[in-house]
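Breakdown of the fold
Each chain is listed here by its residues.
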Amino acid sequence: MLESSDFQPRLACEVASQGKEIVLVRDGLEFAIEPEGSSAEELESFLTYLDGTRTLSDIQRELDAGQRQRLTSFLEDLDRYRLLDDAGRVKIRSGTQALLELEDLASELMEKSINRNIFWTSVLGEPGKCPKSVFYGLAVENYHFLFRESLFDSPVLPFVPSARARHLMNEFYCSEYGHDELVLRALNAIGISRADADDSLPLPETLALCNALSYWASCDPLFFFATLGVLEGKDPEVDLFIEACEKNELPPGFIGPMRQHSDINRKAEHGNLTRLIFAEIPFIDDETMARMRRQMRLFVEMYDDFYSSIWTFYSTTSDLVRRMSTL
């Protein structure tokens, strides 16, 4: 932060005088200031500048070249011992504020990728001309995803920082339980049995997404919570994929269970779960926020790959089951 001209230096300690010695006190620890090139009077003058009301550039304009050099060295010493703060920098925001920033970023990234990828532009743009195998392929990969959901939901169930967040996540987990069976019923309607499903292999991109979510759930639960709003969707009224299935005149036995799965999610407002959880997070610091922004870019890229790979594979094949037994 010392490199920034907008840095507003502020002492993060108390100043005490002991005779001719200047002592800085923080958390019961005392730090004696030794002049080393500066007089005691000059150091005292420097300390008066460090009240957080002026930027580093403002202070330097009031000093000559030699004083500026000595001030920089003095600030580096203070920063090294964590006796300096930046009054102009917002270091924390509420969980809700943080999530709104992440949602804006996710929406921007999705508009440039997922919303324009070959899968969704084909399924939603011209559903009647889209190969039926693509619709079925999404169900197959969705089954694999839901079948493994416990691997990435379970690690966050005992979320320690918030009892309310734990309660919300456990409610969600119970509501999601068995959704793979609903999708399997849809697959049964197009000739894919349980034995076929057990012998099937997910696409690499599906497995990669599951593994990434499992990692985040175990190692970075806050970011994992941030992904749920994207995965569950936020539209409470319609499911565009189900509408596209109907326009493509897919079998009612396939559409029915898929609609049931969608209706459960929408009526339980799963798309709002992330906001409810983040409302229970009192604050999020800059470092955590920067990490989550980086990871959101990776997550959206992987989610885009998930859908694009479904189109790439299933639009050119009539065999919906990638069998492990044939490997």
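Summarised in this report is the structure supplied together with it. (Residues numbered from 1 in each chain as written. Predicted model: local features only at pLDDT ≥ 70, side-chain atom pairs only at ≥ 80, totals over all residues. Heavy atoms only, no water.)

Details of the packing of helix 13 (residues 240–247) against helix 14 (residues 252–267)
- Relative orientation of the contacting elements helix 13 and helix 14 amounts to 165°, with a least axis distance of 10 Å. When the axes of helix 13 and helix 14 are compared, the pair comes out roughly antiparallel. Crossing geometry of helix 13 relative to helix 14 is assigned as left-handed. Every residue of helix 14 that contacts helix 13 at F241, I242, C245 and E246 is listed here: F254, I255, M258, R259 and S262.
- Its residues placed into classes, the contact of helix 13 with helix 14 shows 6 nonpolar, 1 polar and 2 charged. (Axes fitted to C-alpha atoms, helices over the stretch in contact; angles between N-to-C directions. Helix = DSSP H or I, 4+ residues; strand = E, 2+ residues; numbered from the N terminus. Parallel < 35°, antiparallel > 145°, perpendicular 65-115°, else oblique. Left-handed = near helix turned anticlockwise from the far one by under 90°. Contact = heavy atoms within 4.5 Å. Nonpolar A, V, L, I, M, F, W, Y, C, P; charged D, E, K, R; others polar.)

A word on the packing of helix 6 (residues 132–147) against helix 11 (residues 204–219)
- At a minimum axis distance of 10 Å, the contact between helix 6 and helix 11 shows a crossing angle of 25°. Of the possible angle classes, the one that applies to helix 6 and helix 11 is roughly parallel. The hand of the helix 6/helix 11 crossing is right-handed. Residues E141, H144 and F145 of helix 6 form the contact with helix 11, whose own contacting residues are T206, L209, C210 and L213.
- In the contact of helix 6 with helix 11, the residues fall into 4 nonpolar, 2 polar and 1 charged.

Some remarks on the pairing of strand 4 (residues 29–33)
- In the sheet, strand 3 (residues 21–26) pairs with strand 4 via 5 bridges, with the strands oriented antiparallel. Pairing of V23 across the sheet is with A32, part of strand 4.
- In this structure, the hairpin formed by strand 3 and strand 4 is closed by a connection of 2 residues, where D27 is found at a positive phi of approximately 50°. (Pairing = 2+ DSSP bridges.)

Some thoughts on a nonpolar patch on the surface
- There is a patch of nonpolar side chains on the surface, built from L124, V238 and L240 and spanning about 220 Å² of accessible area.
- Mapped onto the fold, L124 is located in helix 5 (residues 118–125). (Patch = residues over 30% accessible without salt bridge, like charges linked within 9 Å, V, L, I, M, F, W, Y side chains within 5 Å. Areas by Shrake-Rupley, 256 points an atom, 1.4 Å probe, with all protein chains shown as cover. Salt bridge = Lys/Arg side-chain N within 4 Å of Asp/Glu carboxyl O.)

So, the pattern of salt bridges
- As enumerated under the stated definition, the model contains 16 salt bridges in all.
- Close ionic contact of R323 with D199 constitutes a salt bridge, the shortest N to O distance being 3.5 Å. Placement of the pair is R323 in the segment after helix 16 (286–314) and D199 in the loop between helix 10 (194–198) and helix 11, with a sequence separation of 124 residues.
- Residue class for R323 comes out partly exposed when judged on its relative accessible area of 31%.
- We note a salt bridge from E246 to R259, for which the minimum N-O separation is 2.0 Å. Pair noted here: E246 is in helix 13 and R259 is in helix 14, with a separation of 13 residues, a long-range link.
- Here the residues in one salt-bridge network are R93, E101 and D286, joined through shared partners. (Buried < 20%, exposed > 50% of the residue type's maximum accessible area, 1.4 Å probe, protein only.)

Thoughts on the side chain of D286
- As for its position among the elements, D286 is in helix 16.
- There is a polar contact of 2.8 Å between the side chain of D286 and the side chain of R93. (Polar contact = N/O pair within 3.5 Å; in protein donor to acceptor, adjacent residues only side chain to side chain.)

A look at the packing of aromatic side chains
- Taken as a whole and assessed by the stated rule, the structure comprises 20 aromatic pairs.
- Measuring from centroid to centroid gives 6.3 Å for F224 and F225, while their planes differ by 55°, and the two rings are tilted.
- On the basis of relative accessible area, F225 is assigned to the buried category, the value being 0%.
- Between the aromatic rings of F313 and Y314, the centroid separation amounts to 4.8 Å while the plane-to-plane angle is 90°, which identifies the pairing as edge-to-face.
- Feature note: the residues F119, W120, F135, W216, F223, F241, F299, Y303, F306 and Y307 constitute an aromatic cluster, connected by ring pairs. (Phe/Tyr/Trp six-rings, centres within 6.5 Å; stacked < 30°, edge-to-face > 60°.)

Some thoughts on the environment of G233
- Relative to the helices and strands, G233 resides in the loop between helix 12 (221–232) and helix 13.
- Accessibility expressed as a relative area gives 28% for G233, which makes it partly exposed.
- Setting aside chain neighbours within four positions, we find G233 in contact with L228 and G271.

Here we look at the nonpolar core
- Counting 77 residues, the largest nonpolar core has F119, M169, F224, F225, F241, M296 and F299 as its most contacted members.
- When sequence neighbours within four positions are dropped, the list of residues in contact with F225 reads V156, F159, M169, T274, I277 and F278. (Core = buried A, V, L, I, M, F, W, Y, C linked by side-chain atoms within 4.5 Å.)

Digging into the side chain of E141
- Here E141 shows up in helix 6.
- Buried within the structure, E141 lacks any salt-bridge partner; its nearest side chain of opposite charge belongs to R322, at an N-O separation of 5.9 Å.
- Residue contacts for E141: discarding those within four places in its chain leaves P202, L203, T206, F306, I310 and Y314. (Lys, Arg positive; Asp, Glu negative; His and termini not counted.)

As for unusual backbone geometry
- The backbone of R82 sits at a positive phi, close to 55°, despite the residue not being glycine.
- In the Ramachandran plot, E249 falls in the positive-phi region, its phi being about 60° despite a non-glycine side chain.
- Tracing the chain through its elements places E249 in the loop between helix 13 and helix 14.
- Accessibility expressed as a relative area gives 68% for E249, which makes it exposed.

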